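As a plain string of letters, each chain reads:
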Amino acid sequence: MIIASNFKTNHNRQSTKEFVNFINSQNYFSEVRVYPPFTALGHFELTPNIRIGAQNFYPAQNGSFTGEIGFDQLEEFEVESVLIGHSERRHIFGETQESICKKYDFAKGKESEIIYCVGEPKEIREQGIEAVMSYIWEQFDGIDIDYDELVVAYEPVWAIGTGLSASLEDIKEVLDRLRMRIKSPLLYGGSVKVETTKDILSIENCGGILVGTASWSVENFSKMIEISDNI
Ligand code: PGA
């Protein structure tokens, strides 16, 4: 099981260090991922217990891209995983499928693990499962789904940061349909809480969770990992 925490624009260097060092001090079986802010990279110990990831990057090794972070900068901190296609990048920052594909191809060329996020907005969910799946499959346009280091996260846009999680039935239905074409691990994300972790992780075809809000407390995040360890 993959248990991942996306810090988004939260935590500073000191609190990230305390968070990561606490997780590092535990002996978990689950595959833990933490995506801290760029500014906190390098401020904690790296151990094999956790894979550290980047929430975003510019698809270049280095160059003249003012304000951006390339792979040279990520490699310095031994970043081993990247998030691509997160709904906040697509919807708040207007990332297009074309720009997302450029990032995907670049990270693939670097043999980085990619957590590739897909998910439908509320108005599509209201049209039913066929509309949801055709929206999601379009988010795979130009994406190599056979890439060995791919992990797919199903994250309905309306469930992210809203406290409204998708129902277990809805999650199962989407993951089952994704599984027909995708062999990579499939995660769920969107208002996962400690209380809902066990049921979500027990869904067939669910290989883990990508958590924002509820994971920012290390106590909660470690509880989620313990639940996963015990499944
Ligand atoms: P959330 O975020 O847990 O706060 O809904 C999930 C995500 O954005 O990956």
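What you see is a predicted model; the values in this text were computed from it and never measured. (Residues numbered from 1 in each chain as written. Predicted model: local features only at pLDDT ≥ 70, side-chain atom pairs only at ≥ 80, totals over all residues. Heavy atoms only, no water.)

Q: Kindly report on helix α9 (residues 218-229), identifying the contributing residues and their values.
A: The end-to-end C-alpha distance of α9, which contains 12 residues, comes to 16 Å, matching closely the 16 Å that a straight helix rising 1.5 Å per residue would cover. Buried within α9 are the following residues: Val-218, Phe-221, Ser-222, Met-224, Ile-225, Ser-228 and Asp-229. The buried residues of α9 occupy one face: seen down the axis, they fall within an arc of 155 degrees. Buried positions along α9 lie against β1 (2-6), α1 (13-25), β2 (31-35), α8 (194-201) and β8 (208-211). (Helix = DSSP H or I, 4+ residues; strand = E, 2+ residues; numbered from the N terminus. Expected span 1.5 Å × (residues − 1). Buried < 20%, exposed > 50% of the residue type's maximum accessible area, 1.4 Å probe, protein only. Arc of directions from axis to C-beta. Contact = heavy atoms within 4.5 Å.)

Q: Describe the pattern of salt bridges, naming the residues involved and giving the relevant values.
A: The full count for this structure, using the stated rule, is 15 salt bridges. As a salt-bridge pair, Asp-146 and Lys-183 come within 3.9 Å of each other at their nearest N and O atoms. Here Lys-183 lies in the loop between α7 (168-179) and β7 (186-189) and Asp-146 lies in the loop between α6 (129-138) and β6 (150-154), a separation of 37 residues in the sequence. With respect to class, Asp-146 is no different from Lys-183; both count as exposed. Two residues, Lys-172 and Asp-176, come together in a salt bridge whose shortest N-O distance is 2.6 Å. Here Lys-172 pairs with Asp-176, and both are found in helix α7, just 4 residues apart, close to one helical turn. The partly exposed category is assigned to Lys-172, whose relative accessible area is 33%. By sharing partners, the salt bridges in this structure join Glu-31, Arg-33, Arg-51 and Glu-113 into a single network. (Salt bridge = Lys/Arg side-chain N within 4 Å of Asp/Glu carboxyl O.)

Q: Any details on the packing of aromatic side chains? Residues and values, ideally.
A: Taken as a whole and judged by the stated rule, the model has 10 aromatic pairs. Relative to Phe-19, the ring of Phe-7 lies with its centre 4.8 Å away and its plane at 75 degrees, an arrangement referred to as edge-to-face. With a gap of 12 residues between them, Phe-7 in the loop between β1 and α1 and Phe-19 in helix α1 connect regions that are remote in the sequence. With a centroid separation of 5.7 Å and an interplanar angle of 85 degrees, the aromatic rings of Tyr-104 and Tyr-116 are classed as edge-to-face. (Phe/Tyr/Trp six-rings, centres within 6.5 Å; stacked < 30°, edge-to-face > 60°.)

Q: Which residues make up the packing of α1 against α9, and what values go with them?
A: How two helices sit against one another is set out by the angle between their axes and by the gap between those axes. Following both chains from N to C, one finds α1 and α9 inclined at 30 degrees, their axes separated by 10 Å at the closest point. In this view, α1 runs roughly parallel relative to α9, as classed from their interaxial angle. As α1 packs across α9, the resulting crossing turns out to be right-handed. When α1 is examined against α9, the residues Phe-19, Phe-22 and Ile-23 are found in contact with a partner set consisting of Val-218, Phe-221, Ser-222 and Ile-225. Looking at the contact of α1 with α9 residue by residue, the class counts come to 6 nonpolar, 1 polar and no charged. (Axes fitted to C-alpha atoms, helices over the stretch in contact; angles between N-to-C directions. Parallel < 35°, antiparallel > 145°, perpendicular 65-115°, else oblique. Left-handed = near helix turned anticlockwise from the far one by under 90°. Nonpolar A, V, L, I, M, F, W, Y, C, P; charged D, E, K, R; others polar.)

Q: Could you give an account of the nonpolar core, with specific residues and numbers?
A: Ranked by size, the top nonpolar core spans 63 residues in total, and within it Tyr-116, Phe-140 and Leu-178 carry the most contacts. Take this core: its biggest share by element is 6 residues, from α6. Beyond its immediate sequence surroundings of up to four residues, Leu-178 is in contact with Met-133, Ile-136, Trp-137, Phe-140, Val-152, Tyr-154 and Leu-186. If you look at the next biggest cluster of nonpolar residues, it comprises 10 residues, including Ala-4, Leu-83, Cys-117 and Leu-187. (Core = buried A, V, L, I, M, F, W, Y, C linked by side-chain atoms within 4.5 Å.)

Q: Would you mind going over the pairing of strand β5 (residues 113-118) in detail, with residue names and values included?
A: Side-chain direction in a regular strand flips from residue to residue, so the side chains alternate between the two faces of the sheet. Within β5, 6 of the 6 residues are buried, which leaves it mostly tucked inside the rest of the structure. Neither face of β5 is left uncovered, since the one carrying Glu-113, Ile-115 and Cys-117 and the one carrying Ile-114, Tyr-116 and Val-118 both have all their residues buried. Sheet topology note: the strand β4 (residues 81-84)/β5 ladder contains 4 bridges and is parallel. When the bridges of β5 are listed, Ser-81 appears paired with Glu-113. Pairing of β5 with β6, which is carried by 5 bridges, proceeds in the parallel orientation. Note that in β6 the partner of Cys-117 across the bridge is Ala-153. (Pairing = 2+ DSSP bridges.)

Keep in mind these numbers describe shape, not what the thing actually does.
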